[in-house]
Amino acid sequence: MLSGCATTAEKNSGQSGGYEWTPDHMHVGVRWQPFGIPGNDAYDAKRPVIAKDSSYVQFWVSWGSMEPEPENTDYRNHMSEDLRTIDKAVDACVREGKKVEFVFFHCPAWASESGQKGAWKPRRGEFARFAKRIATHFKGRVQSYQLYHEGNLQSLIEDGDIDFVLREILGKGGRAIRSVYRKSPATPVLLSSGGTSPCEACDELKGLRGKGAEAMVDYYRRIIRSPSLMSLFDALNINVSDHFNGYGMMDGKLVSSTWDQYDLVRRKLDAAGYRSKKIRAAESWVVWDDSQYAPDANGDGRINEQDAYDKTLTLMGQCLQRGMNTMNLPWSDNSSSWSMGLTKRRDYNGRVRRLAPGKVIPAADGGPGIVTARIALEGGDDDFEVIDMPDSFTARDYANPGDPNHLHYYIWRWFAQIAGGSDEVVRHALAGEEGNNITVWSPAFGGRESYKISSWNRTRGKFTVLVYASAATGKSWAKVAIPSTVQKGRQYNNRSSRKNFRGEGFPEGSSYRVRVTTKDISRRNGRDVNVRVKESGPFTVEDGELHADVEDMNKFTTIEFLPAG
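Everything numeric here is computed off the predicted structure, so don't read it as measured data.

About the criteria used
- Residues numbered from 1 in each chain as written.
- Predicted model: local features only at pLDDT ≥ 70, side-chain atom pairs only at ≥ 80, totals over all residues.
- Heavy atoms only, no water.
- Helix = DSSP H or I, 4+ residues; strand = E, 2+ residues; numbered from the N terminus.
- Rg over C-alpha atoms; globule rule 2.2 N^0.38 Å.
- Buried < 20%, exposed > 50% of the residue type's maximum accessible area, 1.4 Å probe, protein only.
- Contact = heavy atoms within 4.5 Å.
- Areas by Shrake-Rupley, 256 points an atom, 1.4 Å probe, with all protein chains shown as cover.
- Lys, Arg positive; Asp, Glu negative; His and termini not counted.
- Charge placed at Lys NZ, Arg CZ, Asp CG, Glu CD.
- Pairing = 2+ DSSP bridges.
- Axes fitted to C-alpha atoms, helices over the stretch in contact; angles between N-to-C directions.
- Patch = residues over 30% accessible without salt bridge, like charges linked within 9 Å, V, L, I, M, F, W, Y side chains within 5 Å.
- Salt bridge = Lys/Arg side-chain N within 4 Å of Asp/Glu carboxyl O.
- 1 Å grid on protein atoms, 1.4 Å probe; cavity = no way out; pocket = protein on both sides within 12 Å on 5 of 7 lines; lining within 4 Å.
- Points joined across faces, edges and corners; volume = space filled by probe spheres on them.
- pLDDT = per-residue confidence, 0-100.
- Nonpolar A, V, L, I, M, F, W, Y, C, P; charged D, E, K, R; others polar.

Enquirer: Provide a residue-level description of the overall build of the chain, including the pertinent values.
Expert: A count of helices and strands for the chain gives 14 helices and 21 strands. Its C-alpha atoms give the chain a radius of gyration of 23 Å, near enough to 24 Å, the size a compact globule of 565 residues would have. Among the 565 residues that make up the chain, the fraction classed as buried is 61%. Sequence separation of 24 or more characterises 73% of the internal contacts of the chain that already satisfy a separation of 6 or more. Looking at the chain as shown, the accessible area adds up to about 21600 Å², and 46% of this sits on carbon and sulfur atoms. The distance from the centre of the 76 positive side-chain charges to the centre of the 72 negative ones in the chain is 4 Å.

Set out below in C-alpha cells:
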C-alpha cells in the first residue's frame with residue numbers, strides 16, 4: 001500500500017492542477033506570448049507543447065500594455081485589449097490544468113515620473129496599486145508572480161536606482177500581492193524577486209556596486225540582507241541563458257555560467273540562513289539559429305539547431321540536477337530578433353498561405369502549414385495582414401523543415417516528463433545529497449555530461465528518475481537506487497516546507513514494479529531511436545530503497561517505480 005497516495009490520487013482525479021503549488025513542487029513549462037488574435041491563441045493553447053507537455057506557463061505582463069491609459073485600470077468597464085488577450089490565455093491554461101506565473105516589467109506613461117512609457121520609474125505607490133489590481137483580478141488563476149524583469153539593469157528602469165527597486169517594486173509590490181491573496185478566501189501564492197540579466201557589458205542599475213557580474217551579485221546581496229524582503233519571497237530567480245560558450249554571457253570568472261550563478265546564489269542564501277528559499281528560472285532561452293551571441297556549442301563550425309540541442313541538454317540538466325524546480329523556454333517563434341521558439345509558428349487558419357504563399361510549407365503531421373519566416377500579423381482572424389520582420393530566417397535554417405517543432409523541443413520534452421504535465425509532482429531525492437541521493441552505478445555514467453533527477457508524482461503514485469549519460473552507447477549496464485519514500489532534504493521537504501510530503505512513497509515491505517525506457521534522441525530530426533522498454537517486478541522494498549537494473553543503456557533513460565498492484 002502506498003503511503004498517502006490513494007487519497008491524493010482520488011483528490012486530484014478530474015481536478016487538473018487542483019493542488020497548492022509550493023516551492024517543493026517541480027514544474028517544467030513554457031513562456032507563452034500570445035499573438036493577440038483570438039483564433040490563433042485558441043489554436044496555440046491546444047498545441048501539445050502547452051496542453052500536454054508543460055506543467056506551467058509563464059506570461060510576461062507589461063504594465064504599459066495592460067493599462068496603457070488611466071481608464072484601463074477599470075478592468076470591468078475598460079479592460080485593454082492586451083489584458084483581455086492575457087485573460088483569455090490564462091483561462092485556457094486553467095482549462096488545461098496548467099499552473100500560471102506572471103513576470104512584470106515596464107510602466108505606462110500616465111504612471112511614470114518622466115511621463116514616458118516603457119522602462120521608466122513609476123511614481124511612488126503606483127506599481128503597488130497596479131500589482132494589487134492584477135492580483136485581485138487573477139487571484140485563484142495565477143499562482144506565482146515575479147515582481148520585475150532584470151531589475152539589475154539601468155535599461156529596464158532608466159531613471160531609477162536600486163533603492164527604488166527594492167522599496168517600491170519588490171517591497172511594496174510584493175506586499176500588495178500578499179495582501180490580496182491573504183484576504184478571505186485566502187489563496188496560496190508564490191512570490192519571487194525576478195531574474196537578473198546575464199549581460200556583462202550592459203549598464204548596471206544605479207546604486208549597485210561594481211560592473212557586470214559584480215553588480216549582479218550585489219543585487220542579490222542587497223535582497224538577501226533585507227529581512228523584510230526575504231520574508232515576502234519564496235524564492236529568488238536567475239535567468240537561464242544560452243549565450244556564449246559558458247551559456248551565461250557573464251564575465252567568465254565570478255559568474256562563468258548559468259549553473260555557476262545558481263551555485264553562487266545558493267551559497268549566499270545558505271550562508272544567510274535561508275536554506276528554505278529556492279532559486280527559480282526567470283527569463284529563459286535557447287536560440288536555435290546563429291543569432292547574435294549564440295555559441296557554436298558543438299564546435300562544428302556552424303551555429304544551428306544541433307547547437308540548440310546541445311545547449312538545452314546542458315542547461316536543463318545542470319540546473320534541474322542542482323535543485324532548480326522550475327524551468328521554462330519560449331514556446332514558439334515570434335517577432336524577436338533572436339530565434340528562440342521550441343516550436344514553429346503554424347498557419348492556423350490558412351490565411352498566411354493565401355496572402356504570402358512563399359512563407360508557408362506543408363507540415364509533416366498533416367496539420368496547418370508551417371510558417372518559414374519571422375512575421376507579425378496585424379488585424380483579426382479573418383482580416384489580418386502579414387507584416388515582414390527584419391533578420392528573418394527561412395526554411396533552409398530548419399533542421400527538419402516539415403516538423404512543427406524545433407530540434408531542441410525534443411530535449412526539453414524529455415526533461416519535462418519529470419514534472420508530469422498536469423499531475424501533482426514534487427521534488428524527490430537530490431543528486432549528491434547525503435542520505436537522499438540518486439545512486440547510479442554504470443561504466444557509462446560520468447562521461448562528458450551526466451545528469452540524474454528524481455521526482456514523486458503524487459497524482460499517479462510513482463517515482464520517476466531521469467538519467468542522462470553522454471558516454472552511453474547501448475552496450476553498458478546501469479544500476480539505479482533511490483530512497484523508497486520522500487525524505488527530509490537539505491533544500492526540499494524539510495521543516496521549512498509549506499506542505500509535508502515526507503514519508504510518501506513505498507513503505508518498507510511493500511511491493512513495486514519497474515519500467516525502464518532507454519533511448520537516444522536523433523540529432524538530425526529529434527525522433528526516438530534505439531528505444532528499449534522493459535518492465536520487471538514485483539519487488540519488495542528493503543532497507544528503504546528502490547532498485548532498478550538498466551540493460552544496454554542508451555543516452556536518455558527514464559525509470560518509473562510503480563505500484564505492483
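Let's pick the thread back up.
Enquirer: Residue-level account of the pairing of strand β12 (residues 385-388), with values.
Expert: Here strand β11 (residues 375-378) pairs with β12 via four bridges, running antiparallel. By the bridge assignment, I375 is partnered in β12 with D388.

Enquirer: Could you give an account of the sheet that holds strand β14 (residues 439-441), with specific residues and numbers?
Expert: The antiparallel open sheet is built from three strands, whose spatial order is β14-β17-β20. Two strands bound the open sheet, and with one partner strand each, they are β14 and β20 (545-553). Looking at each pair of strands side by side, their axes are set apart by 15° on average, direction ignored. Two strands pair when backbone bridges link them, and β14 and strand β17 (residues 476-483) are joined in this way by three bridges, in the antiparallel orientation.

Enquirer: Account for a positive patch on the surface, naming residues and giving values.
Expert: On the surface, R275, K488, R495 and R502 cluster together to form a positively charged patch. By the secondary structure assignment, K488 is in the loop between β17 and β18 (511-521). Its relative accessible area of 56% is what places K488 among the exposed residues.

Enquirer: Describe the layout of surface pockets, with residues and values.
Expert: One water molecule sets the probe size; rolling that probe over the atoms shows where empty space is left. Of the volumes computed, that of the largest pocket is approximately 880 Å³. Forming the walls of the largest pocket are 39 residues, and the residues nearest its centre are K52, D53, Y409, R413 and Q417. Only α3 (48-53), α14 (409-416), β15 (450-457), β16 (462-469), β18 and β21 (556-563) provide two or more residues apiece to the lining of the largest pocket. The greatest single-element share of the lining of the largest pocket, amounting to five residues, is contributed by α14.

Enquirer: Go over the confidence of the model for the chain, please, and point to the residues and values.
Expert: Mean pLDDT over the chain works out to 94, with 97% of the residues at or above the 70 mark. Considering only residues more than four positions removed or in separate chains, one finds that residues 1-16, a stretch of pLDDT under 50, has 27 contacts.

Enquirer: Quick one: what's the story with a negative patch on the surface, residue by residue and with numbers?
Expert: Together, E508, E542, D543 and E545 make up a negatively charged patch on the protein surface. Its location among the elements puts D543 in the loop between β19 (528-540) and β20.

Enquirer: So, empty space enclosed by the protein: which residues are in play, and what are the values?
Expert: Scanning all chains against the criterion turns up four cavities of 30 Å³ or more. One number sums up the size of the largest cavity: a volume of about 50 Å³. Lining the largest cavity, in full, are D333, N334, R345, V371, A373, R374, I375, F393 and Y398. Residue classes in the lining of the largest cavity are distributed as five nonpolar, one polar and three charged. Its volume calculated, the second largest cavity comes out at about 40 Å³. Every residue along the wall of the second largest cavity is listed here: E305, K344, A399, N400, D403, N405, H406, L407, Y410, R524, N525 and G526.

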